[in-house]
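As a plain string of letters, each chain reads:
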Protein chains: 2
Amino acid sequence: MALGATRQARGCHAVLAGGAPFTARAATAATAVDVPSTSATSVTPLTVLDERTAPERLRETSTLIFDCDGVLWRGSEIIHNAPEALKEFRRQGKRLLFVTNNSSKSRAGYVAKFSSLGLEVAAEEIVSSSYCAAAYLTSQGFGPGGSRPCSKVLLLGWSGVEQELEQAGIPYVGGRALKVPPMDDLDAMKALKVDPDVGAVVVGWDPNFSYSRLVYASIHLRELPGCLLVATNMDCADHIGGGRMMPGTGGLVKAVETASGVSAVNVAKGGEWLLPYLCRTYGLEPAHTAIVGDRMDTDIHLGRQGGLFTCLPLTGVTTLKRLEGLPASEHPDVVVRSVAQLAGLPA
Amino acid sequence: MALGATRQARGCHAVLAGGAPFTARAATAATAVDVPSTSATSVTPLTVLDERTAPERLRETSTLIFDCDGVLWRGSEIIHNAPEALKEFRRQGKRLLFVTNNSSKSRAGYVAKFSSLGLEVAAEEIVSSSYCAAAYLTSQGFGPGGSRPCSKVLLLGWSGVEQELEQAGIPYVGGRALKVPPMDDLDAMKALKVDPDVGAVVVGWDPNFSYSRLVYASIHLRELPGCLLVATNMDCADHIGGGRMMPGTGGLVKAVETASGVSAVNVAKGGEWLLPYLCRTYGLEPAHTAIVGDRMDTDIHLGRQGGLFTCLPLTGVTTLKRLEGLPASEHPDVVVRSVAQLAGLPA
């Protein structure tokens, strides 16, 4: 499932790093391959670097944060020279992190996916939103030794989040196995019992999402004081190939927010929690950290707000035409044909 | 189903009558039964009229618009003296309209519900949001003789909307019978075919709502140029008794909006279409029209924006305490214990 993905401009604004000690970084002028303008009225000059000119721009970078889909692969297809690029960065002694909004897999599930595509990555280098959900809950006192009196989770989600909750020792109800009877009459709705031990509702990508699940989640949020609502991400929709887009987790979260009256905490790119967490946990220094991502509203926005160096490969959802329509001040620090060029390899 | 109902303040702002020829009406001071203040800091003086003082305030009113749940009944229980109040208004020669955001029933379904509670009402006097959905589509060229080239509707909804579409001669697919296979893998999503004759997706209260339905609705909206998204209402949640609230249609619509990137037209109270439509169709004169409703964000808001006289009976979701916390300028023109008092009858 290609889930951690494209969202519409409307309703999907990324907000980041409220009280974090980051400063915005000015975009720096790039040189090399000039891209011709296609529209005289809406075009801002833009330069795309190549494998000769791009690597120099990462000289000061000690940590690279990679988005996955659209950067390292597209669906089940590896981007040309991506495995070699990662090897080259490792050879240069750079630390690598892989951050994805996709919640359908656990860290372990991603290790298998990376491996199947010829990418050697350790579980600790992977920050999937399924993992983030568990990490956020741990930070809020859930799990072994935690301070939370009601520490069970009600999960509307898939195996990735299930596995991460299990790994973190956080008990949960729901997930793929959640069975709620049909909620098409008042008696059924009135008879439904809340589980008083639930301290958080977690919403991830959930192909079993239903009105009945929405009812069950919303009565817990309404009737249990202090019950948290955690979103693995707020992505609106995802490209799945053939020009088709499919609903992401964002719409499911909005349904739960609307029905319950409770605002969700977004633990993924696009939310305020992730970057301070990464900095705290991995000791990131923003001035020496770069983000490589194909999405302006999560990847590049996260990078810009956090003062990271921003790199956009054109292998994902953001087109040159789209970039050309933006003011130069909004351009990523570096635009390349693919991640390979950042490592000095042909695209 | 008590559906046309309460919504949270957050995310459920009523917006009304964009270009309609209405002017806001100033709230007028009321006299009679004083309500004691309960909090010195947040209280604005408020007066509740009774059956001796309230009727006089409706002397200039020739049309009365009633909300239903919380005004005439609560769930399956009639409000004391409500049938007698309606008879009294009719005796006085006033025209009555019954406007509800609930989409689960058609006009005909409502006639039966009114009748079962001892209320004699004609179908033409009922404006349910299921009816509004069909009326809106007709106004947009759907149905017999209409100008719409793609005039089929994809319905995520219940029998009320099905019946109204049938009544209006608008063909639809979906509704209660909509069967979409499980959408838990990319192949299933890629194999799904859109129906090229669909010109609008209508979302109403839908206890069969599912991720698969969300997929099906969103691909039509994304892949068919000009396909409309119509919401029977945007109500967030509804009181169903025993302190329990259940998800309304609003969250389902937001899920579809988010997944598709298309904004919905809300044809019910809270939206911009309804009041101009009522004025056009029923020849309402705002200066001689009153609205009687229990909700500030739909009923009273609609009345105030449209320049109608506003009456709030305390039999629904808005409490005296809530009203007292508001500035006097936001108070309804008249507050009564129940609709009966507006007609000069005991509450």
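These figures come from a predicted structure and were not determined experimentally. (Residues numbered from 1 in each chain as written. Chains lettered and ligands numbered in written order. Predicted model: local features only at pLDDT ≥ 70, side-chain atom pairs only at ≥ 80, totals over all residues. Heavy atoms only, no water.)

A look at the UniProt feature "binding site: Mg(2+)" (unreviewed entry) in chain A
All names here are of chain A. Sequence positions flagged by UniProt for "binding site: Mg(2+)" (unreviewed entry) are, in local numbering, Asp-67, Asp-69 and Asp-294. A maximum C-alpha distance of 8.4 Å places the annotated residues, which cover 228 residues in sequence, within one compact spot. Look past the residues within four positions of Asp-67 in its chain and what remains in contact with it is Leu-72, Val-99, Thr-100, Lys-269, Val-292, Gly-293, Asp-294, Arg-295 and Asp-299. Polar side-chain contacts of Asp-67 include one of 2.9 Å to the side chain of Lys-269. Of note, Asp-69 is situated in the loop between β1 (63-66) and β2 (73-74). Polar side-chain contacts of Asp-69 include one of 3.1 Å to the backbone nitrogen of Gly-75. (UniProt positions renumbered as here; feature names shortened; annotations may be inferred. Contact = heavy atoms within 4.5 Å. Polar contact = N/O pair within 3.5 Å; in protein donor to acceptor, adjacent residues only side chain to side chain. Helix = DSSP H or I, 4+ residues; strand = E, 2+ residues; numbered from the N terminus.)

Describing the relation of the copies chain A and chain B
Put simply, the second copy of the chain is the first one after a rotation about an axis and a shift along it. Between the two copies, chain A and chain B, the superposition gives an RMSD of 0.0 Å; the rotation angle is 180° and the shift along the axis is 0.0 Å. The two molecules are tied by a two-fold rotation axis, judged by turn and shift. Considering only C-alpha atoms, the residue of chain A closest to the rotation axis is A:Ser210, which sits at 2.0 Å. (Least-squares fit on C-alpha atoms with pLDDT ≥ 70 in both.)

As for the pattern of salt bridges
Residue and element names in this part refer to chain A. Scanning the entire structure with this criterion turns up 22 salt bridges over all chains. The residue Glu-88 makes a salt bridge to Arg-91 at a minimum N-O spacing of 2.9 Å. With a gap of three residues between them, Glu-88 and Arg-91 both fall in helix α1 (residues 82-91), about one helical turn apart. Classification of Arg-91 as exposed rests on a relative accessible area of 63%. With a closest N to O distance of 2.6 Å, Arg-90 and Glu-125 form a salt bridge. Of the two residues, Arg-90 is situated in helix α1 and Glu-125 in the loop between α2 (107-116) and β5 (126-128); the sequence distance between them amounts to 35 residues. A network of salt bridges, in which partner residues are shared, links Asp-67, Lys-269 and Asp-299. (Salt bridge = Lys/Arg side-chain N within 4 Å of Asp/Glu carboxyl O. Buried < 20%, exposed > 50% of the residue type's maximum accessible area, 1.4 Å probe, protein only.)

Let's talk about the UniProt feature "binding site: substrate" (unreviewed entry) in chain A
Residues and elements named next belong to chain A. Those residues carrying the UniProt feature "binding site: substrate" (unreviewed entry) are Lys-269 in this numbering. As for its placement among the helices and strands, Lys-269 is situated in the loop between β12 (265-266) and α8 (274-282). Residues contacting Lys-269, with those up to four places away along its chain left out, are Asp-67, Val-99, Thr-100, Asn-101, Leu-274, Thr-298, Asp-299 and Leu-302.

Notes on the sheet that holds strand β9 (residues 228-231) of chain B
Residues and elements named next belong to chain B. If you walk across this open sheet you meet the five strands as β7-β6-β8-β9-β12, and the pairing is parallel. Sheet topology places β7 (172-174) and β12 (265-266) at the edges, where each strand pairs with a single neighbour. Sheet topology places β9 next to β12; two bridges connect them, and they run parallel. Across the sheet, Val-230 pairs through a bridge with Val-265, a residue of β12. (Pairing = 2+ DSSP bridges.)

Things to note about the packing of aromatic side chains
Centre-to-centre distance and the angle between the planes together describe a pair of aromatic rings. Within this structure, the stated rule accounts for 20 aromatic pairs over all chains. Ring centres of B:Tyr136 and B:Trp273 lie 5.5 Å apart, and the angle between their planes is 90°; this geometry places the pair in the edge-to-face category. Within this pair, whereas B:Tyr136 is found in helix α3 (residues 129-139), its partner B:Trp273 is found in the loop between β12 and α8 (274-282), the two being separated by 137 residues in sequence. Note on B:Tyr136: relative accessible area 8%, which makes it buried. Taken together, the ring pairs connect A:Phe66, A:Trp73, A:Phe89, A:Phe98, A:Tyr110 and A:Phe114 into an aromatic cluster. The ring of A:Tyr110 has A:Lys105 sitting right over it, with the charged end atom 5.6 Å from the ring centre. (Phe/Tyr/Trp six-rings, centres within 6.5 Å; stacked < 30°, edge-to-face > 60°. Lys NZ or Arg CZ within 6 Å of the ring centre and 35° of its normal.)

Comments concerning the interface of chain A and chain B
Taken together, the 44 residues of chain A in the interface contact 45 residues of chain B. In total, about 3800 Å² of surface goes out of reach between chain A and chain B, with carbon and sulfur atoms giving 61% of it. If you look at where chain A meets chain B, you find two salt bridges. Of the charged contacts, one joins A:Arg244 and B:Glu223 as a salt bridge, the two residues approaching to 2.9 Å between their closest N and O atoms. Inspection of the region where chain A meets chain B yields 16 residue pairs in polar contact (both at pLDDT 80 or more). (Buried area = accessible area lost by both parts, 1.4 Å probe.)

Section: the packing of helix α7 (residues 250-260) of chain A against helix α7 (residues 250-260) of chain B
Between two packed helices, what matters for the description is the angle formed by their axes and the separation of those axes. At a minimum axis distance of 8 Å, the contact between α7(A) and α7(B) shows a crossing angle of 160°. Between α7(A) and α7(B), the interaxial angle falls into the category roughly antiparallel. Handedness of the crossing formed by α7(A) with α7(B): right-handed. Contacts between α7(A) and α7(B) pair A:Gly250, A:Gly251, A:Lys254, A:Ala255 and A:Thr258 from the former with B:Gly250, B:Gly251, B:Lys254, B:Ala255 and B:Thr258 from the latter. (Axes fitted to C-alpha atoms, helices over the stretch in contact; angles between N-to-C directions. Parallel < 35°, antiparallel > 145°, perpendicular 65-115°, else oblique. Left-handed = near helix turned anticlockwise from the far one by under 90°.)

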